[in-house]
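Listed below are the residues making up each chain.
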Amino acid sequence: MSKKKIQKIAGTILGLAGAVILFGIPFYFILVNSFKDRKGANQLTISLPEIFHFENYLEVIQNNNYQLILAFKNSILITLGTVIVLILTGSMAGYVLQRRKDRITGFLSKLVLLGLMIPTAILPTVWVLQKIGIYKTMFSMIMLEAALNISFTIMLYQNFMETIPVELEEAGFIDGASTVKMFRRIIFPLLKPVSATVIIINAVSVFNDFTTPLYFFPGKQNATVQQTLYNYIGQFASSYHLLFADVIVIVIPMLILFLFFNQRIVEGMTAGSVKG
C-alpha cells in the first residue's frame, strides 16, 4: 500500500472520528435523555434510561393545544416560500452578474458582498414593516428570510454560471430565442446541481432560524418550531426530558434532508471553483 493511500485512509478515519465527537455524541446525549423521566433527564447524563418514556414525544406534540403542529406549519410555509424566492431571484441575478461585465454589474457585485457583512438592523426594520402594514405577516417573514440569504445564494449561482459555456447562449440567440426564453429553457435547467445546494442550505438555515421570527413574527399563532423550545425552559424549573424530545422532533426532518442530499451540496458548492 502506497504512502499516499495510507495518508488518505488516515485522514478519512480522523475526519470520521472528529464528526462523531462533534455531532454524534451530542446527538446521542439528546436522544437518550429524551426517553427519560423528568428526574433522570435533569441529571444530564449519557446513561441509558431504565424505562424508555415514549410518552414524552406524545406530550410534546399535544402540549399547548398542539402548538408544535402549528409551529411546523408556519416553519414549513416560511421555508418553502423563502426557498422559492431565493431560487428565482438568485438564479437570475447570478446569471446577469456573471455574464455582464460593466461598471453597473461590478457595483452590484460589491453590494452583494456587502450583504454578507452588514448585520440586520432590527428596530428600523420593524418600524418600516409597521409603516407599510406587513409586520407580523407570513409575507414579511418570507421576504426577510430571503433578504438575509440572498447574497450567499447569488454568489453560489454566479460561481456555478462559470461552468456553463457561453456558446449555448449564442446558439439560442441565433435560433431567435429572447433572453428570458433562453434563460428559462437553456440556462435554468443546467442549474439543477447548484439549485439543489441552494434548496438544502437555505431550507436548513431558515427552518432552524430562531432570532428572525422572534423579532419580526411574534405571537402565539405565529410560533415556529425553534420557538417551541421556550415551553420547557423556566426560571426555576426545566423539563429537560420534554425539551430534548422537542429537539429530536425538530432536528430529524432537516437531518434526513441534509444526509440525503449531502453529495448534492458538495457538488453545487465546488462547481466552478476549478477552471480549465
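Predicted model, so just to flag it, every value in this text is computed and none were measured. The written sequence of each chain sets the order in which its residues are numbered from 1. Per-residue local features are limited, in this predicted model, to residues with pLDDT of at least 70; the limit for side-chain atom pairs, both in listing and counting, is 80 or more; totals at the level of whole chains, interfaces and linings are taken over all residues. The basis for the side-chain values is all heavy atoms of the structure; hydrogens and waters are excluded.

Peer 1: Tell me about empty space enclosed by the protein, and please be specific about residues and values.
Peer 2: Using protein atoms alone on a 1 Å grid, points that fit a 1.4 Å probe yet trap it form a cavity, whereas open point sets bounded by protein on both sides within 12 Å along at least five of seven lines form a pocket; residues with an atom within 4 Å of a point count as lining. Grid points are joined across faces, edges and corners, and a volume is the space filled by probe spheres set on the points. All told, the structure shown has two cavities of 30 Å³ or more when counted by the stated rule. Looking at the largest cavity, the residues that line it are S75, I78, T79, M141, E145, V206, F207, D209, P213 and T224. Helix and strand assignments come from DSSP, with helices taken as H or I runs of at least 4 residues and strands as E runs of at least 2, each series counted from the N terminus. Breaking the lining of the largest cavity down by element, the ones donating at least two residues are α3 (55-99), α6 (138-161) and α9 (192-207). At three residues, the largest contribution of residues to the lining of the largest cavity is made by α3. Side-chain classes follow a simple rule in which Ala, Val, Leu, Ile, Met, Phe, Trp, Tyr, Cys and Pro form the nonpolar group, Asp, Glu, Lys and Arg form the charged group, and the remainder, Gly included, forms the polar group. Classifying every residue of the lining of the largest cavity by side-chain character gives five nonpolar, three polar and two charged. Its volume calculated, the second largest cavity comes out at about 30 Å³. Lining of the second largest cavity is provided by V60, N63, Q67, L68, T228, N231 and Y232. Tallied by class, residues from the lining of the second largest cavity come to three nonpolar, four polar and no charged.

Peer 1: Outline the packing of aromatic side chains, listing residues and values.
Peer 2: Aromatic rings from Phe, Tyr and Trp, with only the six-membered ring used for Trp, were paired whenever their centres fell within 6.5 Å, and each pair was classed as stacked if the ring planes differed by under 30 degrees, edge-to-face if by over 60, and tilted otherwise. Enumeration according to the criterion identifies 11 aromatic pairs in this entry. Taken together, a centroid distance of 6.2 Å and an interplanar angle of 25 degrees make the contact between F52 and F54 stacked. In textbook terms, an aromatic cluster arises when at least three aromatic residues are bridged by ring pairs, as seen for F35, F52, F54 and Y57.

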